[in-house]
Amino acid sequence: MIRSAQVLAAAALVGLTAACNSPQHVDGIAAPAGLTSPSASGQARPAASPSFVPSSGAPSSARPSRPVNTATATADLTIQPDRIGRLKIGMSLTAAKATGLIVVSTGQDDVPPGGCVTAYWKGQTEEEWMIFNGKYGLRAVDSFGNQRTPEGIRTGSTLAAVRRAYPEFTWRTDGDETPAAERTSGDILVDAVKGDGAHYRINIDKGKVTYVHVESDRAGCYE
């Protein structure tokens, strides 16, 4: 009888110890003994952020394409020593048309295969022109907008800036007998890359650049 009482007492002690060491479950949150769960202490749980559910289908990661304004894109091209963008001195009229950058001037249906054809930059007036030779391709191309050489020369640049950029330039022979160092008007020729078959032709009027052309070293169609 005494032994049975001892066994019962021991069992009760074990049960009490287990109860003290077991985590308390309140509203589904386990809290260690001696600590009060947020719900039990009266503190509100942080609200869960609502999940965003697309109205239809899965969201697409692709950005919508934007139309490209050809005139704007070409207006900022660099005037390279033998080209402006994809229009390269010597390329055929057919190849130039394929770029989508030019419009052939009207009224030239009767030009013979070896003749000269004028065109202009797409989206611009015919003043932003170019000319093709039937045998030797693109003979000359005019620049426009913000187009400038790698050295920064463009319409509106000063003669002083041209002298700094191209100290070895020459004045095109045009009958003006003014000493080269004193001239402030005329055409300047710059062979920026020797042997590439092309050069810059920069017109100066009263000390300011009025246009920058890229033209072929070959004669024909253009003076």
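Residues numbered from 1 in each chain as written. Predicted model: local features only at pLDDT ≥ 70, side-chain atom pairs only at ≥ 80, totals over all residues. Heavy atoms only, no water.

**Q** Any chance you could explain the overall build of the chain here in plain terms?
**A** Secondary structure summary: the chain contains 4 helices and 13 strands in total. In the chain, buried positions account for 30% of the 223 residues. Relative to all contacts within the chain whose residues are 6 or more apart in sequence, the contacts with residues 24 or more apart total 43%. Surface summary for the chain: the accessible area is close to 14,400 Å², and the carbon and sulfur share equals 55%. (Helix = DSSP H or I, 4+ residues; strand = E, 2+ residues; numbered from the N terminus. Buried < 20%, exposed > 50% of the residue type's maximum accessible area, 1.4 Å probe, protein only. Contact = heavy atoms within 4.5 Å. Areas by Shrake-Rupley, 256 points an atom, 1.4 Å probe, with all protein chains shown as cover.)

**Q** Got a minute to help me understand the sheet that holds strand β3 (residues 79-80) in this structure?
**A** Whether parallel or antiparallel, the strands of a sheet pair through hydrogen bonds between backbone atoms. Ordered in space as β3-β4-β5, the 3 strands form an open sheet in which the pairing is antiparallel. This sheet does not close on itself; its edge strands, each paired only once, are β3 and β5 (87-88). Two strands pair when backbone bridges link them, and β3 and strand β4 (residues 83-84) are joined in this way by 2 bridges, in the antiparallel orientation. Paired with Ile79 across the strands is Ile84, a residue of β4. (Pairing = 2+ DSSP bridges.)

**Q** Looking at this structure, I do not really get the environment of Pro112. What am I missing?
**A** In this fold, Pro112 is placed in the loop between β6 (102-104) and β7 (116-121). Of the residues examined, Pro112 reaches a relative accessible area of 51% and is grouped as exposed. Here the alpha-carbon distance between Pro112 and Gly134, two residues 22 residues apart in the chain, equals 8.1 Å.

**Q** Honestly, the sheet that holds strand β9 (residues 137-142) in this entry has me stumped. Any pointers?
**A** Ordered by their spatial adjacency, 8 strands build an open sheet running β6-β7-β8-β9-β13-β12-β11-β10, and the pairing between neighbours is antiparallel. One side of each edge strand has no neighbouring strand; the edge strands of this open sheet are β6 and β10 (170-171). With 5 bridges connecting them, strand β11 (residues 186-190) and strand β12 (residues 198-205) associate as antiparallel partners. In the sheet register, Ile188 faces β12, and the bridge partner there is Ile202.

**Q** What should I look at first to understand the nonpolar core in this one?
**A** Grouped together as the largest cluster of nonpolar side chains are 32 residues, with contacts concentrated most on Leu87, Met130, Ile188 and Ile202. Those elements giving two or more residues to this core turn out to be β7, β8 (129-133), β9, α4 (159-165), β11, β12 and β13 (208-216). It is β12 that provides the largest number of residues to this core, a total of 4 residues. The contacts of Ile202, once residues within four sequence positions are left out, are Ile153, Val162, Tyr166, Gly186, Asp187, Ile188, Val190, Val209, Tyr211 and Val212. (Core = buried A, V, L, I, M, F, W, Y, C linked by side-chain atoms within 4.5 Å.)

**Q** What is the right way to read the side chain of Asn133 from this model?
**A** Here Asn133 lies in strand β8. Among the polar contacts listed, one links the side chain of Asn133 to the backbone nitrogen of Tyr136, at a separation of 2.9 Å. Aside from chain neighbours lying at most four places away, what touches Asn133 is Gly114, Gly115, Cys116 and Cys221. (Polar contact = N/O pair within 3.5 Å; in protein donor to acceptor, adjacent residues only side chain to side chain.)

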